[in-house]
Each structure stands twice: as C-alpha cells, then as structure tokens.
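One letter stands for each residue in the lines below.
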Amino acid sequence: MQPNIIYDFDSNKDINTWSVVDDTVMGGMSNGTFQLSIDGHGVFTGYVTTENNGGFSSVRYEFESMSVEGYENVVIKLKGDGKDYQFRLKASRSDYYSYIREFSTTGEWEEITIPLGDFYPSYRGRKLSMPNFSGDSIEEVAFLIGNKKKESFRLIIDKIELK
C-alpha cells in the first residue's frame, strides 16, 4: 500500500491552514510561532513557561476527513531539538479530546514512527478511560510541547504520512 501523505512541506506551500494554540487560551504566557523556512520546512518555535498555570504550546492542522483504513503507522520526518513532544490526532475535529502519543527528538533529522493503536485519548493533560485510537479516519493532527518546565523549543517538520 502506498503511503498516504497528511502533509508534505515545501517552499511553495501555504501554511495558513496551520494554527498555533498556546496556553494563553487559559491564562498562560507561552508563545509559539509557525513559519515556513526558506528550504521548505514547517518550523514550530517558541517558549513555554509555567507562569499563570500555563505550560504548553501547540500547532495544529485541520483537513477534510482522511481514511486511515489499511494503514498501521503515522510516520513523521522531522528535526527536533532533543526535547520531548506530543503528536496528536483527532478522528473528528469536533471531538473535545485528542489521541496523543509522546515522542523524543535527537537533534538530528529522523523519522518518528508511531503505531496508530498507540495513541491514547486525553483531554487537558488527563488520560481518559476510553480505548486507544481505533477510528477509520482523522481530521486533525497537532504537535504539542508541554514538559512542565520553562524552555525554548524548535521543531522542524518535513513530512507527515500514513504507512
């Protein structure tokens, strides 16, 4: 089965379909930005602070429903900064919860492979008592950093696909 591309960054992409959501929605003071680099990668950078009960920054991409039938993994080509992140997905963008999986970065270009069945349901940082992801489709993906400490971050994203 051919990979199904969720998003493949290049220098001609319009990234206005991506949106940053920081802890400012609940009074926090973290600040993330998302830009397209000259060499055509999505660059999610900023600073997370725990002040005012904050502690996270995220960037998300909503799209028309995409079938995941026949696919086992999400594969992300990225270059991190050695920090831990979450990759999140939603079966429906109207769901109040996300399915989450943490991953670590090495500071080098790498492919992160996450089995779809490893995504667990979570809402506002709390794991829900529901089964792990087993849906037929997805409508949103997101990256989030929230390591319960003050830190700057930089995540460079090349491609997100189903394999």
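Residues numbered from 1 in each chain as written. Predicted model: local features only at pLDDT ≥ 70, side-chain atom pairs only at ≥ 80, totals over all residues. Heavy atoms only, no water.

**Points about the environment of Lys-148**
At step 1: Tracing the chain through its elements places Lys-148 in the loop between β12 (137-145) and β13 (151-162).
At step 2: Residues Lys-148 and Thr-33, spaced 115 residues apart in sequence, show a C-alpha to C-alpha distance of 19 Å. (Helix = DSSP H or I, 4+ residues; strand = E, 2+ residues; numbered from the N terminus.)

**Description of the packing of aromatic side chains**
At step 1: Under the counting rule described, the total for this entry stands at 17 aromatic pairs.
At step 2: Summarising the aromatic geometry, the rings of Tyr-85 and Phe-103 are spaced 6.0 Å apart at their centres and angled 25 degrees between planes, so their arrangement reads as stacked. On the criterion of sequence distance, the pair formed by Tyr-85 in strand β7 (residues 84-90) and Phe-103 in strand β8 (residues 98-104) is long-range, its members being 18 residues apart.
At step 3: Judged by its relative accessible area of 6%, Phe-103 falls in the buried class.
At step 4: A connected cluster of aromatic rings, assembled from ring pairs, spans Tyr-7, Phe-9, Trp-18, Phe-34, Tyr-61 and Phe-63.
At step 5: Above the ring of Trp-109, the side-chain terminus of Lys-77 is found at 5.9 Å from the ring centroid.
At step 6: Lying over the aromatic face of Tyr-120, Lys-127 brings its terminal NZ or CZ to 5.2 Å of the ring centre. (Phe/Tyr/Trp six-rings, centres within 6.5 Å; stacked < 30°, edge-to-face > 60°. Buried < 20%, exposed > 50% of the residue type's maximum accessible area, 1.4 Å probe, protein only. Lys NZ or Arg CZ within 6 Å of the ring centre and 35° of its normal.)

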